[in-house]
Structure formats: structure tokens, C-alpha cells
Amino acid sequence: MRAAVTSAPGRIAVETVADPDPGPGDAVLDVGAVGLCGTDLHMYLGERHDTGFPLRQGHELGGTVAALPRGYAGSLRLGQTVTVDPAIPCGRCRPCRRGRWPACRSFRALGVALPGGLADQVVVPVGQLHDADGLSAVEAALVEPFSIAAMALARAELVGDERVLVAGGGPIGLAVTVAAVAAGHAVLVCDPLPARRTLASELGADAVCAPAELADTVAEWTGGAGTDVAVEASGTRSALDAALAAVGAGGRLVVVGVAAHDLVVPVPRVLFDGVTIVGARAGLFPQALSVVAAHRGEVARFASVVYPLEDVAAAFTHAIERPDAVVKVMVAR
Ligand SMILES: [Zn+2]
Ligand SMILES: [Zn+2]
């Protein structure tokens with residue numbers, strides 16, 4: 001079969017590789033579509049120290065079931081459209097045993113440690129598949145970023161008419177916006193790019209602003225109370241600091257953007273303001289599937305451009321150069 005192989009920093013090409021060899025408990029998918037995200041770009045550029053070369057990338061994928069494990073007794077059928085939860089917790093470490101699998105000490109992820117979806121077919125442990133009947137392959141692939149958004153909102157523990165600030169209007173921030181608006185919450189999206197602010201408004205954001213206007217906008221938008229929830233989805237230090245400052249009493253800061261810098265928290269913010277700080281890692285797929293199925297018009301806006309697998313190198317170049325209007329670059333068969 002064909003698969004995209006990342007052989008060195010900035011080098012990816014379609015090669016002929018061995019056909020899938022599923023083990024016990026593995027399904028095989030015919031890949032329909034794959035989304036590229038920031039993680040993919042860091043891996044492709046050789047910027048991650050936990051992945052080397054060669055790599056078989058692609059962890060946001062939708063496809064159809066080509067083979068199921070011997071003796072499989074679940075509800076999935078051959079030919080069915082599915083989406084894939086790419087993050088496989090070990091199930092044995094201390095966090096896993098206590099139900100805190102997003103903190104698994106030895107996650108393995110499809111398209112990172114395991115061969116990914118930028119290929120004709122991919123092997124997936126059957127438990128990682130979720131029924132996406134009725135969705136297109138591109139929509140099924142987009143369930144993955146929406147699953148990250150669903151985890152962020154679950155960690156936010158939103159109730160009633162609480163307000164959500166989203167710092168960073170990239171794919172995850174916009175997915176958080178769609179999901180939070182769908183759940184009836186007012187959302188303020190902060191992003192430096194005008195095109196992203198416009199799209200955020202079109203996706204239902206109640207208000208948008210540039211980073212320099214954030215403090216004033218939050219004060220006005222919340223009547224001085226501060227936001228109930230801030231979701232940091234940009235991975236930048238300035239946005240994280242600003243998001244923490246924007247959270248009001250009893251509020252929550254949910255960190256989704258990947259970063260290595262420090263977050264300095266004044267003790268009174270935790271002790272007297274009751275601000276809670278949590279991270280959101282890995283995805284919640286059933287919740288994401290409901291949002292995607294109910295908001296297909298909004299979800300369609302995320303797939304900015306679709307390349308065929310043979311043009312995977314051009315797809316990565318496009319994703320890195322990312323003109324302002326691009327939310328997500330997709331690769332489809
Ligand atoms: Zn991703
Ligand atoms: Zn574990």
C-alpha cells in the first residue's frame with residue numbers, strides 16, 4: 001500500500017510500504033481523510049525530541065472499516081464510517097488505574113509512536129474506533145480536534161449561563177467555540193489574526209478581540225466580574241498570562257495549548273478568588289461526535305483545503321506557511 005513517510009526534517013513523500021499486519025484486537029481502516037495539526041508540523045520539522053525518523057504520521061483521521069479482529073463481537077461493521085481516538089493509554093500505570101488516563105505515563109499515539117493515517121490503510125486497536133455513521137471522511141477526521149475541545153469543556157465544568165473566553169482562534173480554539181456556543185454559553189474569542197476573529201464571529205462567538213484589547217474587552221463583556229472560564233488554546237506565554245488574569249472569582253483556567261513555559265500564579269488568586277487551573281489533554285469522542293453531527297455547517301469551515309495523499313508534501317508546506325484564512329489543511333484519498 002501507499003503511505004506518507006517523513007524521512008528527515010522537512011522531508012515527506014509517499015512510498016510503497018508493507019500492507020497492514022493487524023494483531024489480535026486490531027482493526028484495519030481504509031483511510032478517507034486526515035487532518036494536519038501543530039503536533040504534525042513539529043514532528044515533520046524534527047522539533048520534538050520524543051519522535052525520530054522515519055515517521056508515519058497522521059493522528060486525526062476518518063475512514064471506513066476494512067477488517068475487524070477475529071472473534072470481534074462489538075457493534076462496528078465492515079464498511080462503516082468511523083473516527084479514531086489516536087491516544088492509547090496504557091491502562092496499567094498509577095493514573096490509568098485511578099481513572100485519570102489523560103495523565104497516563106506511557107501513552108502511545110497513532111501517528112506518533114504507532115504508524116498513522118497518512119496512508120491507504122492503517123491498523124487501529126478496535127477499542128479506539130468510534131461509529132461516525134452519516135459523517136463524511138473529512139467530518140470524521142475533524143471529530144479529533146472537537147474531542148480535544150470536548151475535553152477542555154468537560155474540564156471547565158461549565159454550568160448555567162457561564163461565559164467562556166477562548167484565547168487563540170486556531171482549530172482547537174474554534175472547536176471550543178462551536179461546542180461552547182452549542183451548549184448555550186456566550187463565548188469571547190481573542191486572536192491576533194483578523195480573519196480568525198471574523199470566522200469566530202461567524203461560528204457563533206458573542207464577541208471577539210485582539211490580544212491588546214483583551215483586558216478591556218473582558219471587563220466590558222462581563223460587567224467587571226471576569227470570565228467564568230478561560231480556555232488557553234494558543235500555547236503562547238502572553239496569552240496564558242492574559243487568560244489567567246481574565247478569570248473572575250470562582251472561575252477556571254483550562255490549559256490546552258502545548259507549551260513549556262512557566263505559569264506564575266499569585267496565591268491569592270487560588271486561595272481567595274477560588275480560581276482553578278486545569279489542563280486538558282486527550283479527547284472525549286462521544287461528546288465530540290454529537291457536536292460534529294449537529295453542527296455540520298460550522299464544522300465544514302474547518303477544512304480549509306484538501307490535498308490528495310500523493311501531494312502530502314505540498315499539504316505540509318501549506319500548513320506551515322498557513323495563510324491567515326486557513327484553519328486546517330486536510331489530506332484525503
Ligand atoms: Zn492533532
Ligand atoms: Zn497509563
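What you are looking at is a predicted structure, and each value in this text was computed from that prediction instead of being measured.

1. Overview of the coordination of the zinc ion (ligand 2)
Six octahedrally arranged donors around a metal ideally form angles of 90 or 180 degrees; four tetrahedrally arranged donors ideally form angles of 109.5 degrees.
At step 1: Protein ligation of the zinc ion (ligand 2) involves Cys90 (SG), Cys93 (SG), Cys96 (SG) and Cys104 (SG), the donor distances falling in the range 2.3 to 2.4 Å.
At step 2: The site at the zinc ion (ligand 2) holds four donor atoms, and with the angles between them running 104 to 119°, its shape is tetrahedral.

2. Overview of the pattern of salt bridges
At step 1: One pass over the structure, following the stated rule, counts ten salt bridges.
At step 2: Among the salt bridges present, the one from arginine 77 reaches aspartate 133, with a minimum N-O distance of 3.2 Å. Taken together, the residues arginine 77 in the loop between β4 (60-67) and β5 (81-84) and aspartate 133 in the loop between β9 (129-131) and α3 (137-156) connect sequence positions 56 residues apart.
At step 3: Since its relative accessible area comes to 43%, arginine 77 is described here as partly exposed.
At step 4: Each member of the salt-bridge network shares a partner with another, and the members are Arg2, Asp120, Glu310 and Arg333.

3. Remarks on the environment of alanine 319
At step 1: Take alanine 319: it is sitting in helix α11 (residues 312-321).
At step 2: Judged by its relative accessible area of 9%, alanine 319 is buried.
At step 3: The spatial distance from the C-alpha of alanine 319 to the C-alpha of alanine 230 is 27 Å, given a sequence separation of 89 residues.
At step 4: In contact with alanine 319, other than residues within four places in its own chain, are Leu36, Leu41 and Val329.

Criteria and cut-off values
- Residues numbered from 1 in each chain as written.
- Chains lettered and ligands numbered in written order.
- Predicted model: local features only at pLDDT ≥ 70, side-chain atom pairs only at ≥ 80, totals over all residues.
- Heavy atoms only, no water.
- Donors = N, O, S within 2.8 Å, 3.2 Å for Na, K, Ca; no water.
- Tetrahedral: all angles 85-135°; square planar, octahedral: opposite > 155°, others 65-115°.
- Salt bridge = Lys/Arg side-chain N within 4 Å of Asp/Glu carboxyl O.
- Helix = DSSP H or I, 4+ residues; strand = E, 2+ residues; numbered from the N terminus.
- Buried < 20%, exposed > 50% of the residue type's maximum accessible area, 1.4 Å probe, protein only.
- Contact = heavy atoms within 4.5 Å.

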